[in-house]
Amino acid sequence: MPNCNECRWLEGSTCKAIPTSWPVTPVNLVRACTIAINEEYCRLITAGTRVLEIGCGIWSPIYEHCKKVGAKYDGIDISEYYYGQRTIATRIESVEHLSFPDETFDLVIGNQTLEHWNESGCRPEKGLYQCFRVCRVGGLVLMNVPIHFHGARMFVEGNLEAINNLFSQFSSEVHFIPWRRHSSPLKFVDLLENYSYPGERGTYTLAIKAVRQPPLPAIPKGYHCRWRPIREMLDHKVDFLFYKMWKQVLDAWHKVSS
Ligand SMILES: C[S@@+](CC[C@H](N)C(=O)[O-])C[C@H]1O[C@@H](n2cnc3c(N)ncnc32)[C@H](O)[C@@H]1O
């Protein structure tokens, strides 16, 4: 369901996916797509389905649905607390060190987390290797990420080829669904306004679906620097780092002056 004008959540010129409890901010206008995407994930979950959610944080329609239908839910997060609230994780661990045995789950789901793994010191390919390892053969790895917003460079720049290469190491059945890429009649949102990135402008949500196939490749190798600022400097272009700093200064200024 890539285009807003075809989406079942569109009513007139309003996106009804946005919960009334969410402030209507540009970020939430885009994030609303995760509600619709999770509704699709939930259709795959029935009694007995074994689900692992990566980077579950404190908000999970998947957790609520699993409880309702009698599916087996596990969630992991690298942090016990997120914005001061306890996460719903059943295990606190990083995705690159998943402690579940091979092929434990039918579905491995990640809402808006993959783009942040680099920030927490996890190489995306190492985390994904673990997601595919704990997923049964024929099961699905389902991730959704914002494009042209934040996180690792391939997501900031919307480099679909790099994202596809990342997943193709583990599966030859990788599908992309870009949600809100064509947002008409809804408001066009560009969360990287004034930053020049390649390709079409606009922030959207990319849903990625990959089928777990045998055999898995060898565990990806590669050094990851321990210090986040250095990792970010190695990942991003200098002009993006300056852009981010400039935005942080502006945000701080707005907070102080309001
Ligand atoms: C933007 S939040 C999204 C949280 C939740 N999925 C949601 O949609 O509200 C990103 C989450 O990924 C988690 N995370 C980041 N790096 C991680 C890693 N290496 N392993 C596991 N979780 C990670 C963060 O702690 C955070 O809870």
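Just so you know, these numbers come straight off a predicted model, no measurement behind them.

### Looking at helix α3 (residues 124-134)
So, step 1. For α3, the tally of buried residues reaches ten of eleven residues, placing the bulk of the element in the interior.
So, step 2. For α3, the secondary structure elements touched by its buried residues are β3 (50-54), β8 (105-111), β9 (135-147), α5 (160-168) and β11 (204-211).

### Some remarks on the pattern of salt bridges
So, step 1. Applying the stated rule across the entire model yields 16 salt bridges.
So, step 2. In this structure, Glu157 engages Arg153 in a salt bridge whose closest nitrogen and oxygen atoms are separated by 3.1 Å.
So, step 3. According to the relative accessible area criterion, Glu157 is buried, its value standing at 10%.
So, step 4. Judged by its relative accessible area of 29%, Arg153 is partly exposed.
So, step 5. Salt bridges sharing common partners tie together Glu119, Arg228, Glu232 and Lys244.

### Here we look at the sheet that holds β9
So, step 1. Sheet architecture is open: seven strands sit in the order β7-β4-β3-β8-β9-β11-β10, paired in mixed fashion. Looking at strand neighbours, the two that pair on one side only are β7 (91-92) and β10 (174-179), the edges of this open sheet.
So, step 2. As paired elements, β3 and strand β4 (residues 72-77) share five bridges and run parallel to each other. Residue pairing for β4: Arg50 is matched across the bridge by Lys72.
So, step 3. In the packing of helix α1 (residues 26-43) onto the sheet, contacts are made with β8, β9, β10 and β11, and the angle to β9 comes to roughly 165°.
So, step 4. Sheet contacts for helix α2 (residues 61-69): β3, β4 and β8; angle to β3, the most-contacted strand, approximately 160°.

### Some details on the site of the ligand
So, step 1. Surveying the vicinity of the ligand reveals 20 residues, the closest of which are Arg31, Gly55, Asp77, Thr113 and Ser120.
So, step 2. In the environment of the ligand, an oxygen atom lies 2.6 Å from a nitrogen or oxygen atom belonging to the side chain of Arg31.
So, step 3. Relative to its free-state accessible area of 600 Å², the ligand is covered by the protein chains to the extent of 92%.
So, step 4. Per-class residue counts for the shell around the ligand are eight nonpolar, nine polar and three charged.

### Some details on the domain arrangement of the chain
So, step 1. Under the domain assignment, the chain is made up of domain 1 (4-224) and domain 2 (226-258).
So, step 2. For domain 1 versus domain 2, the separation of C-alpha centres amounts to 24 Å.
So, step 3. Opposite the 16 residues of domain 1 that make contact, domain 2 presents twelve residues.
So, step 4. Across the domain 1/domain 2 interface, buried area totals approximately 1200 Å², and carbon plus sulfur atoms make up 50% of it.
So, step 5. Counting the surface domain 1 buries against domain 2, the share from its top three residues, Glu119, Arg153 and Tyr195, is 47%.
So, step 6. Run the count over domain 1 and domain 2 and you get one salt bridge.
So, step 7. A salt bridge links Arg228 to Glu119, with the shortest nitrogen-to-oxygen separation between them at 3.8 Å.

### Concerning the side chain of Asn118
So, step 1. Within the secondary structure, Asn118 sits in the loop between β8 and α3.
So, step 2. The contact partners of Asn118, leaving out residues within four places of it in the chain, are Ala152, His224, Arg231 and Asp235.

### Focus: unusual backbone geometry
Excluding glycine, residues mostly have negative phi values, and the peptide bonds linking residues are mostly trans.
So, step 1. Between Ser184 and the following residue, Pro185, the backbone shows a cis peptide bond with an omega angle of 10°.
So, step 2. Take Pro185: it is sitting in the loop between β10 and β11.
So, step 3. Residues Pro214 and Pro215 are joined by a peptide bond in cis, for which omega reads -15°.
So, step 4. In this structure, Pro215 sits in the loop between β11 and α6 (228-235).
So, step 5. A positive phi is found at Gln112, a non-glycine position, where the angle reads about 55°.

### Looking at the packing of aromatic side chains
So, step 1. In total, this model carries ten aromatic pairs according to the counting rule given.
So, step 2. Between the aromatic rings of Tyr63 and Tyr73, the centroid separation amounts to 5.1 Å while the plane-to-plane angle is 65°, which identifies the pairing as edge-to-face. Of the two residues, Tyr63 sits in helix α2 while Tyr73 sits in strand β4, which places them ten residues apart along the sequence.
So, step 3. Seen from their ring centres, Tyr195 and Phe240 are 5.2 Å apart, and the 70° between their planes marks the pair as edge-to-face. Taken together, the residues span a long stretch of sequence, with Tyr195 in the loop between β10 and β11 and Phe240 in helix α7 (residues 238-257) at a distance of 45 residues.
So, step 4. Here Tyr195 falls in the buried class, since its relative accessible area comes to 4%.
So, step 5. Chaining the aromatic ring pairs together yields one cluster made of Tyr195, Phe240, Tyr243 and Trp246.
So, step 6. A cation sits over an aromatic face here: Arg91 above Phe100, 3.8 Å from the ring centre.

Conventions we followed
- Each chain has its residues counted from 1, running along the sequence as written.
- Reporting in this predicted model follows two pLDDT cut-offs: at least 70 for local features of residues, and 80 or more for side-chain atom pairs to be given and counted; totals over whole chains, interfaces and linings ignore these cut-offs and use all residues.
- Heavy atoms throughout the structure, all of them, feed into the side-chain values; hydrogens and water do not.
- Here the term buried applies to any residue with accessible area under 20% of the maximum for its type, exposed to any over 50%, and partly exposed to those in between, with areas from a 1.4 Å probe on protein chains only.
- Only DSSP runs of H or I with at least four residues qualify as helices, and only runs of E with at least two residues qualify as strands; both kinds are numbered from the N terminus onward.
- Two residues form a contact once any of their heavy atoms are found within 4.5 Å.
- One speaks of a salt bridge when a side-chain nitrogen belonging to Lys or Arg is within 4 Å of a carboxyl oxygen belonging to Asp or Glu.
- We treat two strands as partners when DSSP finds at least two bridges between them.
- Note on definitions: angles span 0 to 180 degrees between N-to-C directions of axes, and those axes are lines fitted to C-alpha atoms, for helices only across the stretch in contact.
- Near residues are defined by distance, with any heavy atom within 4 Å of the molecule or strand qualifying the residue.
- We define a polar contact as two N or O atoms separated by no more than 3.5 Å, with the added condition that, inside protein, one atom must be a possible hydrogen donor and the other a possible acceptor, whereas residues neighbouring each other in sequence contribute only through side-chain atom pairs.
- Method for areas: the Shrake-Rupley scheme with a 1.4 Å probe, in which residue coverage is limited to the protein chains shown.
- Residue polarity follows a fixed list, in which Ala, Val, Leu, Ile, Met, Phe, Trp, Tyr, Cys and Pro are nonpolar, Asp, Glu, Lys and Arg are charged, and the others, Gly among them, are polar.
- Start and end positions for the domains come from either an automated domain assignment or a database one.
- By buried area we mean how much accessible surface two parts lose on assembly, using a 1.4 Å probe and totalling the loss over both.
- Ring pairs are drawn from Phe, Tyr and Trp, using the six-membered ring of Trp, whenever the two centres fall within 6.5 Å, and their geometry is named by plane angle: stacked under 30 degrees, edge-to-face over 60, tilted for the rest.
- Geometrically, a charge over a ring is one whose NZ (Lys) or CZ (Arg) sits within 6 Å of the ring centre while staying within 35 degrees of the ring normal.

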